[in-house]
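# Notes for the structure review
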Amino acid sequence: MVAAPVLLSAPALAAGAPAESIIRHGEGKFPISAAIEVPAGATTIYLSGMGAPVQDKTAPPKSLEAYGDTQAQTLASLQRIEGELKKLNLTMGDIVQMHIYMVADPRTKQLDFEGMMKAYTQYFGTEKQPNLPVRSAFAVAQLANPGWLIEIEVTAIRLPKK
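Residues numbered from 1 in each chain as written. Predicted model: local features only at pLDDT ≥ 70, side-chain atom pairs only at ≥ 80, totals over all residues. Heavy atoms only, no water.

### Comments concerning the nonpolar core
Leu78, Ile81, Leu85, Met92, Met98, Phe124 and Ile152 are the most contacted members of the largest nonpolar core, which has 23 residues in total. Listing elements by their share of this core, those giving two or more residues are strand E3 (43-50), helix H3 (70-87), strand E4 (95-102), helix H4 (113-120) and strand E6 (150-158). Aside from chain neighbours lying at most four places away, what touches Phe124 is Leu78, Met92, Ile95, Met98, Gln129, Asn131, Leu132 and Pro133. By size, the runner-up hydrophobic cluster in this structure holds eight residues, among which are Ala59, Tyr67, Ala76 and Trp148. (Core = buried A, V, L, I, M, F, W, Y, C linked by side-chain atoms within 4.5 Å. Buried < 20%, exposed > 50% of the residue type's maximum accessible area, 1.4 Å probe, protein only. Helix = DSSP H or I, 4+ residues; strand = E, 2+ residues; numbered from the N terminus. Contact = heavy atoms within 4.5 Å.)

Structural data, given as structure tokens:
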């Protein structure tokens, strides 16, 4: 049993990743990690689920018109998450896990996964920010705010100071 952990970490270490870094294992071309290894001594930060803030203050409160479509809500939610991480001296690149809760757009009765992905890929897998989290996306019946089509929660990691 002792050999198994050594064997699992050997490819990542052989690839030149320092032992104190986060190791992200990719899978195909889809912009998420298949698995992530976090080194001992890292601090885990859990952010509560965040939806979009009101985009149109003239629209009825808690309405879809107030918050926008799935793409707009995803982008606004990610901007909120980025702001919260910044307050903690972290970046979007420090995110290791993401859960996305989605509601079908009442106009189309469909999840707008494509719209979510258009916003998501502005933050993850870019040249500026290549770090990909592990991620799950869930279809849910409803969210706490009736105007929300999406709510995102993330887990981030702070590596120990060297």
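### With respect to the side chain of Thr74
Here Thr74 shows up in helix H3. A distance of 2.7 Å separates a polar side-chain atom of Thr74 from the backbone oxygen of Thr70. (Polar contact = N/O pair within 3.5 Å; in protein donor to acceptor, adjacent residues only side chain to side chain.)

### Observations regarding the pattern of salt bridges
In total, this model carries three salt bridges according to the counting rule given. The closest approach of N and O atoms between Lys87 and Glu84, which form a salt bridge, is 2.9 Å. One end of the pair is Lys87 and the other is Glu84, both in helix H3 and three residues apart, which spans about a single turn. Between Asp105 and Arg107 there is a salt bridge, and its shortest N-O distance comes to 2.7 Å. Owing to a relative accessible area of 56%, Arg107 belongs among the exposed residues under this scheme. (Salt bridge = Lys/Arg side-chain N within 4 Å of Asp/Glu carboxyl O.)

### Focus on the confidence of the model for the chain
Parts of the model with low pLDDT should not have their predicted coordinates read in detail. Within the chain, residue pLDDT values average 89, and 88% of them lie at 70 or more. Scored below 50 in pLDDT, residues 1-16 makes seven contacts in the model with residues more than four places away or belonging to other chains. (pLDDT = per-residue confidence, 0-100.)

### Notes on the packing of H3 against H4
At a closest axis distance of 7 Å, the pairing of H3 and H4 adopts a crossing angle of 35°. Read as a crossing pair, H3 and H4 show a hand that is right-handed. Taking contact as the criterion, the partners of Thr70, Gln71, Thr74, Leu75 and Leu78 in H3 are, on H4, Gly115, Met116, Lys118, Ala119 and Tyr120. Among the residues forming the contact of H3 with H4, the class breakdown is five nonpolar, four polar and one charged. (Axes fitted to C-alpha atoms, helices over the stretch in contact; angles between N-to-C directions. Left-handed = near helix turned anticlockwise from the far one by under 90°. Nonpolar A, V, L, I, M, F, W, Y, C, P; charged D, E, K, R; others polar.)

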